[in-house]
Amino acid sequence: QVQLVESGGGLVQPGGSLTLSCVPSRSIFNFWIMGWYRQTAGKQREMVATLTSSGHTNYADSVKGRFTISRNVAKNTNYLQMNDLKPDDSAVYYCNEGGVGGTWGQGTQVSVSA
């Protein structure tokens, strides 16, 4: 059962921007950690960015300065703002609540190509 639904993926040229959104299928009033992960076919899933309820963020070195993770509590929506996208950013992006052992979305495809 999918409990998180991602949207906002698509095809973008290098240097472009996309913002991914994640909406839970059930009400989530509190969280201890949320994040975005990505996976390319044949490779392991990797952490892109995480955000704790206390406001601490962590980013993969490859996306620092380009990606921003955030949460709109009023809208109960998580976001990943991606700027200056590169071909290596192409992957299926997954929203996460509660860490690796928590809740996952189905994924949304991001393709960066000229």
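Keep in mind the model is a prediction, meaning the values are calculated, not measured. (Residues numbered from 1 in each chain as written. Predicted model: local features only at pLDDT ≥ 70, side-chain atom pairs only at ≥ 80, totals over all residues. Heavy atoms only, no water.)

Attention now moves to the pattern of salt bridges. Inspection of the entire model under this criterion finds 6 salt bridges. Here Arg 38 makes a salt bridge to Glu 46, at a shortest N to O gap of 2.8 Å. Judged by relative accessible area, Glu 46 falls into the partly exposed class, the value being 35%. Asp 84 serves as the salt-bridge partner of Lys 86, at 3.6 Å between the closest nitrogen and oxygen. Using a relative accessible area of 36% as the deciding quantity, one classes Lys 86 as partly exposed. (Salt bridge = Lys/Arg side-chain N within 4 Å of Asp/Glu carboxyl O. Buried < 20%, exposed > 50% of the residue type's maximum accessible area, 1.4 Å probe, protein only.)

Trp 36, Phe 67, Ile 69, Leu 80, Met 82 and Tyr 93 are the most contacted members of the largest nonpolar core, which totals 23 residues. Setting aside residues no more than four positions away along its own chain, Leu 80 makes contact with Leu 18, Thr 19, Leu 20, Trp 36, Val 48, Ala 49, Phe 67, Thr 68, Ile 69 and Tyr 93. (Core = buried A, V, L, I, M, F, W, Y, C linked by side-chain atoms within 4.5 Å. Contact = heavy atoms within 4.5 Å.)

A word on the pairing of strand S9 (residues 91-97). Here is the key point about a regular strand: its side chains alternate between the two faces of the sheet. The buried fraction of S9 is high, at 6 of 7 residues. When strand S4 (residues 33-39) meets S9, the two strands line up antiparallel, connected through 6 bridges. Bridge pairing in S9 links Gln 39 to Val 92. As paired elements, S9 and strand S10 (residues 103-104) share 2 bridges and run antiparallel to each other. Each residue of the ladder has a partner; that of Glu 97, found in S10, is Thr 103. Between S9 and the antiparallel strand that follows it, S10, lie 5 residues; Gly 98 among them carries a positive phi value of about 90°. (Helix = DSSP H or I, 4+ residues; strand = E, 2+ residues; numbered from the N terminus. Pairing = 2+ DSSP bridges.)

Taken by themselves, the reported measurements are silent on function.
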